[in-house]
Amino acid sequence: MSLPTLPLDIKRDFPLLSNPKLASTFHYLDNAATTHKPEMVTRAMDDFYRFGYGTVRRGVYKLSEGATANYEGTRKKIANLIGAESSEEIVYTSGSTQSINLVAYTYGRKFIGKGDEIILSQIEHHANIVPWQMVAEEVGAKILVIPCNDRGELDMEAYAKLLSRKTKLVGVNHISNALGTLNPIQKIAAMAHTVGAVILVDGAQSVAHCHVNVKELGADFFVFSGHKIFGPTGIGALWGRMELLDRMPPYQRGGDMIQTVTFEKSTFQSPPHRFEAGTPPIAEVVGLSSALDYVTGIGLDRISEHEQLLLNYATKKLSDIKGLTIIGQAKEKASILSFVLEGIHPHDIGTVLDQEGVAIRAGHHCAQPTMQRFNVPATARISLGPYNDYSDIDAAEKAIRKTLEVFG
Amino acid sequence: MSGRNDLYQQVILDHNKNPRNFKVMQAATHECDGHNPLCGDQIRLYVKKTADGTIEDISFNGNGCAISKSSASLMTVAVKGKAESLARQLFSEFHKMVTGELDPETVTNQLGKLTIFSGVREYPSRIKCASLSWHALLCALDKQDKASTE
């Protein structure tokens, strides 16, 4: 059987993955945790530090003006990437986790009150659970959970029953990091809006793997992390509808987020700057900017097609292994494959695979409620990226079979 | 890449498959839970100690990875019938060995068979797995409620 030709062949853009000493013996399959960086990203950051470094939004000299133009221009790139109306709706954060915390601390504490309800899904990352627990405890609100079926798909009928006038916010991931489920955000959002609730979409796993348009999705807030889209760590974004951002109080306070300060009173900037206190991670924004150029240069539709072909291949290969169960078999799935082997702890799978040169994640994936739902302490997880190819899957399959031999 | 045998040696695989002293003990004088939040390893350790400080009986149950399970199994074998003071010494030596502070090949020690876990020092993410049951033992002997590797 001949395999369909993969649309992408880009390992050469990634120094670590194309290192001749490693290339044939190392297989990186932990892209849901973090992605590698193409050379152009690290070079852009290096060039910025060497030749273009300056602060942003403060200096009257050329270096600062150049840095500011790049910094503000990257907002536009992000807005274009996710289909946002304007770059003013893009707030820089350190990543998805901080983005969600920002919404919880500002929107949550102001607009969610005693007796109100927050609806989350059973397959959320801890980052989209714990901040809402803080809000719920503080204001006296309640958290309700949309259950999922055995395939890892959300139960939309149950969701419909949870919605009421008390619902103030729905928090759901676009793609589950533990199962790969692609959630029907359009429907979930439309239903949330019928009761007047807003919806926050955790896009940490989607933004680098499929086409995202926040307006088509019907989202009110959307968050993602730069390091999962080939950019540096420490930078990410929050998108929110301007009407909402405009009503939100500041998150952290300090320099740059103010209009005027006296000892009696301070007034604050409009969004997005209201939410960005202090000198931001400027070089990281430069890196993110370059990463977005890289992704849009390839095209998310091609990335998505590439990863779906690999996912199908991997799913078939793994399904043939006796004693292996795939956890998360949603009809609509992204390039994440969680699995368990009968009688072998996922951490042992992870260690043997590492010994065979295959890097995967083993653990609860910061999604303990998901693990509890499927009654496993942990899973082993293969997550694909656009630089992966059939050889990476073959290596993983071989190493899984070796694991079975070792523990047989 | 090679080196698998450094970690998953035959004795470890055997104790993982057929753990010794793997049962609930009704007559325990000391008990403690050990929990490794990273992997979800969860064990309960039971000790029956005599008045003169001898570990007359010891057992464990729960679930975890091969390293934590085999380590618990080999630990029970090593300390059963021994003085509490020796168990405490073994804890200290074992901990030093898996964290790379004690090389059992060059430093005199009481570890015996337990040196099979010396390979763990090459796998930093697995050190907690190997030492979980030892922390639970120390906790049980100290009559505390919970052991954690955190």
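Residues numbered from 1 in each chain as written. Chains lettered and ligands numbered in written order. Predicted model: local features only at pLDDT ≥ 70, side-chain atom pairs only at ≥ 80, totals over all residues.

K.L.:
Help me understand the sheet that holds strand β5 (residues 167-173) of chain A in this model?
P.N.:
Within a beta sheet, neighbouring strands are joined by backbone hydrogen bonds and run either parallel or antiparallel to one another. All names here are of chain A. The seven strands lie next to each other as β2-β8-β7-β6-β5-β3-β4, forming an open sheet whose pairing is mixed. With partners counted over all chains shown, the strands left at the sheet margins are β2 (90-93) and β4 (142-146), one partner each. On average, each strand axis in the sheet is inclined to that of its neighbour by 20 degrees, with strand direction left out of account. The sheet contact formed by β2 and strand β8 (residues 236-240) spans four bridges and is antiparallel. Each residue of the ladder has a partner; that of Val 91, found in β8, is Leu 238. In the packing of helix α3 (residues 62-82) onto the sheet, contacts are made with β2, β7 (221-225) and β8, and the angle to β2 comes to roughly 110 degrees. Contacting β5 and β6 (198-202), helix α7 (residues 185-194) runs over the sheet at an angle of about 175 degrees to β5. (Pairing = 2+ DSSP bridges. Helix = DSSP H or I, 4+ residues; strand = E, 2+ residues; numbered from the N terminus. Axes fitted to C-alpha atoms, helices over the stretch in contact; angles between N-to-C directions. Contact = placed C-beta atoms within 7 Å.)

K.L.:
Explain the interface of chain B and chain A to me, please; I cannot follow it from the model alone.
P.N.:
Often the size quoted for an interface is simply the accessible area lost on bringing the parts together. On the chain A side, the residues contacting the 16 residues of chain B number 15 residues. Taken together, the residues of the side of chain B that touches chain A break down into 10 nonpolar, four polar and two charged. (Nonpolar A, V, L, I, M, F, W, Y, C, P; charged D, E, K, R; others polar.)

K.L.:
Whenever I open this one, helix α4 (residues 96-111) of chain A confuses me. Can you help?
P.N.:
All names here are of chain A. Given a rise of 1.5 Å per residue, 16 residues ought to cover 22 Å, and the 21 Å separating the end C-alpha atoms of α4 matches this to within 8%. Bending of α4 peaks at approximately 30 degrees at the position of Ala 104. In terms of burial, α4 is a largely internal element, 12 of the 16 residues being buried. Buried within α4 we find Ser 96, Thr 97, Gln 98, Ser 99, Ile 100, Asn 101, Leu 102, Val 103, Ala 104, Thr 106, Tyr 107 and Gly 108. (Expected span 1.5 Å × (residues − 1). Bend = angle between axes of the 7 residues up to and from the residue. Buried ≥ 20, exposed ≤ 12 C-beta atoms within 10 Å, placed from the backbone.)

K.L.:
Which parts of the structure should I look at to understand the pairing of β5(A)?
P.N.:
All names here are of chain A. Within β5, seven of the seven residues are buried, which leaves it mostly tucked inside the rest of the structure. Pairing analysis gives four bridges linking strand β3 (residues 117-121) to β5, with the strands arranged parallel. Looking across to β5, one finds that Leu 120 is bridged to Gly 171. Judged from the five bridges that link them, β5 and β6 form a sheet pairing that is parallel. Its bridge partner lying in β6, Val 170 is registered against Ile 199. Running through α7, the crossover from β5 to the neighbouring parallel element β6 is right-handed. (Right-handed = clockwise from strand over helix to strand, strands pointing away.)

K.L.:
Explain the sheet that holds strand β14 (residues 361-363) of chain A to me, please; I cannot follow it from the model alone.
P.N.:
All names here are of chain A. The sheet built from four strands is open, its strands ordered β11-β12-β15-β14 with antiparallel pairing. Across the chains shown, the open sheet's two edge strands, defined by having one partner strand only, are β11 (324-327) and β14. Averaged over all neighbouring strand pairs, the angle between strand axes comes to 30 degrees, with direction disregarded. Note: β14 against strand β15 (residues 379-383), three bridges, orientation antiparallel. Paired with Arg 361 across the strands is Arg 381, a residue of β15. Running at roughly 10 degrees to strand β12 (residues 336-341), helix α11 (residues 300-319) makes contact with β11, β12 and β15 of the sheet.

K.L.:
Honestly, the packing of helix α2 (residues 10-17) of chain B against helix α3 (residues 66-79) of chain B in this entry has me stumped. Any pointers?
P.N.:
If you want to describe how two helices pack, look at the angle between their axes and the distance between the axes. All names here are of chain B. Packing of α2 against α3 leaves a shortest axis separation of 8 Å and a crossing angle of 90 degrees. Viewed along their axes, α2 and α3 adopt a mutual orientation that is roughly perpendicular. Between α2 and α3, the residues in contact are Ile 12, Leu 13, His 15 and Asn 16 and Ala 66, Lys 69, Ser 70, Ser 73 and Leu 74, respectively. Within the contact of α2 with α3, the residues separate by chemical class into four nonpolar, four polar and one charged. (Parallel < 35°, antiparallel > 145°, perpendicular 65-115°, else oblique.)

K.L.:
Where do I start with α2(B) in this structure?
P.N.:
In an α-helix there are 3.6 residues to a turn, and that puts residues three or four apart on one side. All names here are of chain B. Within the sequence span of α2, burial applies to Ile 12, His 15 and Asn 16. For α2, the angular spread of the buried residues around the axis is 105 degrees, confining them to a single face. Elements in contact with the buried residues of α2: α3. (Arc of directions from axis to C-beta.)

K.L.:
Is there a simple way to think about the packing of α3(A) against helix α10 (residues 282-298) of chain A in this case?
P.N.:
Residues and elements named next belong to chain A. Their axes nearest at 9 Å, the elements α3 and α10 cross at an angle of 40 degrees. Taken together, the axes of α3 and α10 lie oblique to each other. Judged by the twist between their axes, the crossing of α3 over α10 is left-handed. Touching Ala 67, Asn 70, Tyr 71, Thr 74, Lys 77, Ile 78 and Leu 81 of α3 are Ile 282, Val 285, Val 286, Leu 288, Ser 289, Leu 292 and Thr 296, all from α10. Looking at side-chain class alone, the contact of α3 with α10 contains nine nonpolar, four polar and one charged residues. (Left-handed = near helix turned anticlockwise from the far one by under 90°.)

That's the geometry; what it means functionally is another story.
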